[in-house]
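Survey of secondary and tertiary structure
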Amino acid sequence: MPAVELSSVGKVYGYGPSAMVALNDVGLSIEPGRFVSLIGPSGCGKSTLLRIVAGLEAADRGTVRVHDVSPEEACAAKLIGFVPQSPALLPWLPVLGNVTLPQKINRDAPSRRERIGQLADHGRGKTQPDMMALLIRAGLGDAIHKLPAQLSGGMQQRAAIVRAFGLQPDVLLMDEPFSALDEFTRESLQDQLLDLWDELKTTVLFVTHSVSEAVRMSDTVVVMAPRPGRIVDLIDIDLPRPRNQRLFEERRFHEYEDLIRDRLHSAWRSTDAA
Ligand code: ADP
């Protein structure tokens, strides 16, 4: 059974002549454990799609299922983790308090999860993860008692990622989580995210603007186009893992980048012509 399944999903903002079709007839099926990226120009509906899967917004048309339940049910059972563009840490709590907070609230999530696990036949008898160990692995061992304001942007975003993984979500949704970071920090966080993903086998749906980031991270890249927001292509990235610097310099890596750029440009041209 897919971890995430969207079928004929539509979303319109506004009414009448000023209506904006943010998503039109979007279908997507993501198998458990896959790393899938959404790429496309601003306004093509990437964030809207992510928010709909997260249960933060409702689709106007179509169906959305996360492990065969609605996004709202999946959220209540903490099957879904969400990492926004900015880390959104609570400023008055130290790092350890921030990353352990979600486990302390909504205590009936495990039993809901168990029920969905039985329903969806993917119960895994999860134990609470060792948050200290996750923080140390993310390079935040010295920062656990610090407040968010005492950390760099990269460290704050690392804490947000640890917080999301700490819930051991079955599906992790990430909305351009590295876009505000410098290149060096971004690459190091990409590596750490891939390490955690590899270890915890989470399904990831990841929004990015960067073609090379999409190729570097993904099993599948979903290319989107605007007006109306839609999926125009799915490109499987058939490159070995772990993907390292040597691979990034290889021709086959650049060929995937060229292919995605090409699909983005043709979608853009067809949008302009429409
Ligand atoms: P992306 O993430 O690809 O940049 P979005 O999903 O943010 O695209 O937006 C898709 C379209 O929907 C854009 O034209 C945007 O202006 C519009 N939109 C998004 N959210 C809202 C909203 N809450 N109200 C009105 N229009 C919105």
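Up top you'll find the structure we're talking about.
In what follows, the accompanying structure is described.

What counts, and at which threshold
- Residues numbered from 1 in each chain as written.
- Predicted model: local features only at pLDDT ≥ 70, side-chain atom pairs only at ≥ 80, totals over all residues.
- Heavy atoms only, no water.
- Near = heavy atom within 4 Å.
- Polar contact = N/O pair within 3.5 Å; in protein donor to acceptor, adjacent residues only side chain to side chain.
- Nonpolar A, V, L, I, M, F, W, Y, C, P; charged D, E, K, R; others polar.
- Helix = DSSP H or I, 4+ residues; strand = E, 2+ residues; numbered from the N terminus.
- Expected span 1.5 Å × (residues − 1).
- Contact = heavy atoms within 4.5 Å.
- Buried < 20%, exposed > 50% of the residue type's maximum accessible area, 1.4 Å probe, protein only.
- Pairing = 2+ DSSP bridges.
- Axes fitted to C-alpha atoms, helices over the stretch in contact; angles between N-to-C directions.
- Core = buried A, V, L, I, M, F, W, Y, C linked by side-chain atoms within 4.5 Å.
- Lys, Arg positive; Asp, Glu negative; His and termini not counted.
- Salt bridge = Lys/Arg side-chain N within 4 Å of Asp/Glu carboxyl O.

1. Focus on the site of the ligand
The environment of the ligand is formed by Y13, M20, A22, P41, S42, G43, C44, G45, K46, S47, T48 and R51. At a separation of 3.1 Å, an oxygen atom of the ligand approaches a polar backbone atom of G45. Contacts to the ligand include K46, whose side-chain N or O atom sits 2.9 Å from an oxygen atom. Per-class residue counts for the shell around the ligand are five nonpolar, five polar and two charged.

2. A closer look at helix 7 (residues 183–200)
Between its terminal C-alpha atoms helix 7 stretches 26 Å, which fits the 26 Å expected from 18 residues at 1.5 Å a residue. Looking at the buried side of helix 7, the elements it contacts are strand 3 (35–39), helix 5 (131–137), helix 6 (153–166), strand 6 (171–175), strand 7 (203–208) and helix 8 (211–217). Its side-chain oxygen placed 3.2 Å from the backbone nitrogen of F184, D182 serves as the N-cap of helix 7. At the exit of helix 7 stands K201, carrying a positive phi of roughly 55°.

3. Looking at unusual backbone geometry
Here the bond from R227 into P228 is cis, since omega is -5°, no more than 30 degrees from zero. Locating P228 in the fold gives a position in the loop between strand 8 (220–225) and strand 9 (230–236). Looking along the chain, the bond that leaves R241 and enters P242 is cis, with omega of -5°. Structurally, the position occupied by P242 is in the loop between strand 9 and helix 9 (245–248).

4. Let's talk about the environment of L167
Assignment of secondary structure puts L167 in the loop between helix 6 and strand 6. According to the relative accessible area criterion, L167 is buried, its value standing at 18%. Each C-alpha atom, one on L167 and one on I80, is 8.5 Å from the other, the two residues being 87 residues apart in sequence.

5. With respect to the sheet that holds strand 1 (residues 4–13)
Spatially, 2-1-4 is the arrangement adopted by the three strands of the open sheet, whose pairing is antiparallel. Looking along the sheet, the strands with just one partner apiece sit at the ends: strand 2 (20–30) and strand 4 (61–66). Going from strand to strand, the sheet's axes swing by 20° on average, the running direction of each strand aside. Along the sheet face, helix 1 (residues 46–53) touches strand 1, strand 2 and strand 4 and points at about 120° away from the line of strand 1.

6. Examining the sheet that holds strand 7
Taken in spatial order, the six strands line up as 5-6-7-3-8-9 in an open sheet, and their pairing is mixed. Strands at the two margins of the open sheet, each flanked by one partner only, are strand 5 (80–83) and strand 9. Each neighbouring strand pair of the sheet contributes to a mean axis angle of 20°, computed without reference to strand direction. Looking at chain direction, strand 3 and strand 8 are connected through four bridges and run parallel. Across the sheet, the residue bridging to I39 is V223, located in strand 8.

7. A word on the nonpolar core
Formed by 30 residues in total, the largest nonpolar core has its most connected members in F35, I161, M174, F178, L193 and F206. Once you skip the residues sitting within four places of it in the chain, F178 turns out to touch I161, R186, L189, Q190, L193, F206, E213 and M217. Judged by nonpolar contacts, the second largest core, of 29 residues, contains V26, L79, V207 and V222.

8. Overview of the side chain of E176
Tracing the backbone through its elements, the reader meets E176 in the loop between strand 6 and helix 7. Buried charge E176 goes without a salt bridge, the closest partner of opposite sign being K46 at 5.2 Å. Looking at E176, its side chain comes within polar contact range of the side chain of H209, at 2.8 Å. Discounting residues that sit within four places of it in the chain, E176 has contacts with Q85, V207, T208 and H209.

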